[in-house]
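# Structural features, examined
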Amino acid sequence: MNIRQITGLVLIIIAIVILALSYNAYITGYHKTISTSNFTFLFSGIFWDLVGILIGAVLIAIGLILAYPKGARWIANRNR
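In short, a report on the structure. (Residues numbered from 1 in each chain as written. Predicted model: local features only at pLDDT ≥ 70, side-chain atom pairs only at ≥ 80, totals over all residues. Heavy atoms only, no water.)

## Section: a nonpolar patch on the surface
- A surface patch of nonpolar side chains, about 470 Å² in accessible area, is lined by M1, I6, L9, V10 and I14.
- Mapped onto the elements, L9 comes out in helix α1 (residues 3–36). (Patch = residues over 30% accessible without salt bridge, like charges linked within 9 Å, V, L, I, M, F, W, Y side chains within 5 Å. Areas by Shrake-Rupley, 256 points an atom, 1.4 Å probe, with all protein chains shown as cover. Salt bridge = Lys/Arg side-chain N within 4 Å of Asp/Glu carboxyl O. Helix = DSSP H or I, 4+ residues; strand = E, 2+ residues; numbered from the N terminus.)

Set out below in structure tokens:
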């Protein structure tokens, strides 16, 4: 394994952690909304979940390109 593959795998792992944390923010906001009937917590949780999904998707894409460029190229060209 070279440095690009290691960097790609680290980015994918970081993306998975970010996705887990954003889901946790959503669930926390949901439970606070249920207990207090204040929808601000729910909207905040949804916002941070969407931000986490966006950042996670970008990091997974970059990590895939770095770790496995042939596979990323195959995914990009599979409908041609």
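## Re the packing of aromatic side chains
- Taken as a whole and assessed by the stated rule, the structure comprises 2 aromatic pairs.
- With a centroid separation of 6.4 Å and 35° between ring planes, the pair formed by F39 and F43 is classed as tilted. Here F39 and its partner F43 are both found in helix α2 (residues 39–67), 4 residues apart, which amounts to about one turn of the helix. (Phe/Tyr/Trp six-rings, centres within 6.5 Å; stacked < 30°, edge-to-face > 60°.)

## Here we look at unusual backbone geometry
- Backbone geometry places S37, a non-glycine residue, at a positive phi of 60°.
- With respect to the helices, strands and loops of the structure, S37 is situated in the loop between α1 and α2.
- For S37, a relative accessible area of 59% corresponds to the exposed category. (Buried < 20%, exposed > 50% of the residue type's maximum accessible area, 1.4 Å probe, protein only.)

## What about the environment of M1?
- In this structure, M1 sits in the segment before α1.
- For M1, a relative accessible area of 71% translates into the label exposed.
- When the C-alpha positions of M1 and F39 are compared, they lie 48 Å apart, and in sequence the two are 38 residues distant.
- With residues up to four places along the chain from it excluded, the contact list for M1 reads I6 and L9. (Contact = heavy atoms within 4.5 Å.)

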